[in-house]
Amino acid sequence: MAHLTPKENLLRLMNGEFPEWIPSYSYYGSLPGVEEDPPNMSVMNSVLMGNRGPNRNPAEGFTNIWGVPYESVEAVGGFALPKPGYFILDDIYKWRDVIKAPDLSNVDWKSVAKADLEKLNYSRDNVALFYNPGGGYFQLLMGFMGFTEGLCSMISDKEEVKALFDYLHEFYLEIAAEYIAYVNPDVLSLGDDTASERAPFLPPDLYRELLLPYYDDFARLGRNRGIPINFHNCGKSGVYFNDLVRIGVTSWEPVQLSNDILEIQKKFGRHLVIGGGWEGRGRLIHPDVTDEEIRESVRLTIDTFAPNGGFMFAGNYTPGSTNDEKTKHWNEVLQKEVYDYGHKFYK
């Protein structure tokens, strides 16, 4: 019989120990199919986070604080993505004329943090709070310029890219340093999507030069407080984790199947929690996939990646529309099996 709270169990995992059961990482709060139980964690995004905007409605689209317009995309369940083909910066040397940080001088951080904490739906005694301070500078640059101009600038105009990142970082680090002191999160959750499914967007040396120092600054906020550090990076991004583990990252999600997950686990052991190992692909997204096939995919994932600890399930079907009842059912079956099988796996 489990005796840890979901928060205690998750933090045991994040600190390199064996959990009592397998947690499930979710971006969406309560997991479909297991609403009667508190979730493991709740994600709080920093006020003014780079890909967020005040009073936004993702279903209707919004413009973020830097002026990048986002549009709701029906094919991915209504999630908002940068408006296709629309870029606010066409020349990296003009960034000082275009990118303007909001004034933070009159922000009452204690009141802001208090109000945000009051909006949480779960008891902090039971649910771990993941705090995401923003600062995904690669994604921000791609949102400003698009991939063609953004990647070319990172190769040919590195000093200007660094100058822009320094400007952004001063803004985001100020928010994070103020906010974290009042929020007191259980996990510091960083992230930047720097890889496609097939390959990283940047070679490791360029990653170390242009991005890692900023991640290290954020990670220091966690290291200095003894807070575990999570890192979100989609795609085949395993090549970056030697450096990320070195700066204190203790968990990674979502670890997609294009990575050599078993080799990564062999290398890092429980020093790097693997959140992933499951994807809706192939037979699992066929219209006539059965509930038992979905359940079996969960059991196979757990059997493969969880035996030595250091694993949390991180996977959901992405809706094909805002009214996708089939995918909703698939997610309910999926998460119910994660809960049922994951809670007895270490017995």
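Higher on the page you've got the structure.
A brief structural summary. The structure displayed is predicted, hence computed values, not measured ones. (Residues numbered from 1 in each chain as written. Predicted model: local features only at pLDDT ≥ 70, side-chain atom pairs only at ≥ 80, totals over all residues. Heavy atoms only, no water.)

### Topic: the packing of aromatic side chains
Filter applied, for reference: Two rings from Phe, Tyr or Trp (for Trp, the six-membered ring) form a pair when their centres are within 6.5 Å of each other. A pair whose planes differ by under 30 degrees is stacked, one over 60 is edge-to-face, and the rest are tilted. Classification of residues uses two cut-offs on accessible area relative to the type maximum, computed with a 1.4 Å probe and protein chains only: under 20% is buried, over 50% is exposed, and between them is partly exposed. Numbered from the N terminus, helices here are DSSP runs of H or I no shorter than four residues, and strands are runs of E no shorter than two.
For the structure shown, the criterion picks out 28 aromatic pairs. Judged by centre distance (5.2 Å) and plane angle (80°), the ring pair of Phe-171 and Tyr-172 falls under edge-to-face. A relative accessible area of 0% places Tyr-172 in the buried class. Pairing Trp-278 with Tyr-317 gives two aromatic rings, centres 5.2 Å apart and planes at 80°, and the pair type is edge-to-face. Of this pair, Trp-278 sits in the loop between strand E9 (273-276) and helix H10 (291-305) while Tyr-317 sits in the loop between strand E10 (311-312) and helix H11 (325-344), placing them 39 residues apart in sequence. No difference in accessibility class separates Trp-278 from Tyr-317, as the two residues are buried. Members of the aromatic cluster, joined through ring pairs, are Trp-66, Tyr-137, Phe-144, Phe-165, Phe-171, Tyr-172, Tyr-214 and Phe-218.

### Topic: empty space enclosed by the protein
The cut-off we apply is this: Computed over the protein atoms alone on a 1 Å grid, cavities are sets of points where a 1.4 Å probe fits but cannot get out and pockets are open sets with protein on both sides within 12 Å along at least five of seven lines; a residue lines them when it has an atom within 4 Å of a point. Grid points are joined across faces, edges and corners, and a volume is the space filled by probe spheres set on the points. Under the convention adopted here, Pro, Cys and the residues Ala, Val, Leu, Ile, Met, Phe, Trp and Tyr are nonpolar, Asp, Glu, Lys and Arg are charged, and Gly plus all remaining residues are polar.
What the rule picks out here adds up to one cavity of 30 Å³ or more. Of the volumes computed, that of the largest cavity is approximately 40 Å³. For the largest cavity, the full set of lining residues is Ser-42, Leu-120, Asn-121, Tyr-122, Ser-123, Arg-124, Val-127, Ala-128 and Leu-129. Looking at side-chain class alone, the lining of the largest cavity contains five nonpolar, three polar and one charged residues.

### Looking at the sheet that holds strand E2 (residues 62-63)
Defined as follows: Strands are treated as partners if at least two bridges between them are detected by DSSP.
The antiparallel open sheet is built from three strands, whose spatial order is E2-E3-E4. Two strands bound the open sheet, and with one partner strand each, they are E2 and strand E4 (79-82). Pairing analysis gives four bridges linking strand E3 (residues 69-73) to E4, with the strands arranged antiparallel. Bridging from a neighbouring strand, Tyr-70 pairs with Pro-82 of E4.

### Observations regarding the pattern of salt bridges
Between side chains of opposite charge, pairing is possible as soon as their charged atoms come close. The condition is simple: Salt bridge, as used here, is a side-chain nitrogen of Lys or Arg placed within 4 Å of a carboxyl oxygen of Asp or Glu.
Inspection of every chain in the model, using the stated rule, returns 22 salt bridges. Lys-162 is the salt-bridge partner of Glu-159, the closest N and O atoms lying 3.6 Å from each other. One end of the pair is Glu-159 and the other is Lys-162, both in helix H5 (residues 158-183) and three residues apart, which spans about a single turn. Judged by relative accessible area, which is 56%, Glu-159 ranks as exposed. The class for Lys-162 is partly exposed, based on a relative accessible area of 21%.

### Things to note about the packing of H10 against H11
For clarity, the threshold we go by: Axis lines are fitted through C-alpha atoms, for helices just across the contact stretch, and the angle between N-to-C directions can take any value from 0 to 180 degrees. Note on angle classes: values under 35 degrees are labelled roughly parallel, values over 145 roughly antiparallel, values of 65 to 115 roughly perpendicular, and the remainder oblique. Should the near helix be turned counterclockwise from the far one by less than a right angle, the crossing is left-handed, whereas a clockwise turn marks it as right-handed. The criterion used for residue contact is that any of the two residues' heavy atoms lie within 4.5 Å.
Orientation of H10 relative to H11, taken along the N-to-C sense of each, is 40°, at an axis distance of 9 Å. One element, H10, and the other, H11, form an angle in the oblique class. The hand of the H10/H11 crossing is right-handed. On H11, the residues touching Asp-291, Ile-294, Arg-295, Val-298, Arg-299, Ile-302 and Asp-303 of H10 are His-329, Trp-330, Val-333, Leu-334, Glu-337, Val-338, Tyr-341 and Gly-342. Its residues assigned to classes, the contact of H10 with H11 comprises eight nonpolar, two polar and five charged.

### Describing the side chain of Glu-253
The criterion, for reference: Any pair of nitrogen or oxygen atoms within 3.5 Å is treated as a polar contact; in protein, a donor-acceptor pairing is required on top of that, and neighbouring residues in sequence qualify only through side-chain atoms on both sides.
Note on placement: Glu-253 falls in strand E8 (residues 249-255). Polar side-chain contacts of Glu-253 include one of 3.0 Å to the side chain of His-232.

### Let's talk about helix H4 (residues 137-156)
Here is the rule: In this scheme, a helix's expected span is set at 1.5 Å multiplied by one less than its residue total. The seven residues ending at a residue and the seven starting there each receive a fitted axis; the angle between those axes is the bend at that residue.
Across its 20 residues, H4 extends only 17 Å between first and last C-alpha, which sits more than 12% below the 28 Å expected from 1.5 Å per residue. Maximum bend of H4: about 115°, positioned at Gly-146. Of the residues making up H4, those classed as buried are Tyr-137, Phe-138, Leu-140, Leu-141, Met-142, Gly-143, Phe-144, Met-145, Gly-146, Gly-150, Ser-153 and Met-154. The inward-facing, buried residues of H4 abut H5, helix H6 (204-210) and helix H7 (212-223).

### A look at a negative patch on the surface
We apply this condition: Patch construction takes residues with relative accessible area above 30% that form no salt bridge. Like charges are linked within 9 Å, and nonpolar side chains (Val, Leu, Ile, Met, Phe, Trp, Tyr) are linked within 5 Å. Using the Shrake-Rupley algorithm and a 1.4 Å probe, accessible areas are obtained, with residue cover drawn only from the displayed protein chains. Only four residue types enter the tally: Lys and Arg on the positive side, Asp and Glu on the negative side, with His and both chain ends excluded. Every charge is mapped onto a representative atom, which is NZ of Lys, CZ of Arg, CG of Asp or CD of Glu.
A surface patch of negative charge is lined by Asp-166, Glu-170, Glu-174 and Glu-178. Relative to the helices and strands, Asp-166 is located in helix H5.

### Thoughts on the sheet that holds strand E1 (residues 41-45)
Sheet strands pair by backbone hydrogen bonding; their relative direction is either parallel or antiparallel. A sheet is described by the order of its strands in space; here seven strands give the open sequence E1-E5-E6-E7-E8-E9-E10, paired in parallel fashion. The open sheet has two edge strands, E1 and E10, and neither has a second partner. Where strand E7 (residues 229-232) lies against E8, four bridges are found, and the strand directions are parallel. Paired with Phe-231 across the bridge in E8 is Trp-252. Running at roughly 165° to strand E5 (residues 128-132), H5 makes contact with E1, E5 and strand E6 (187-191) of the sheet.

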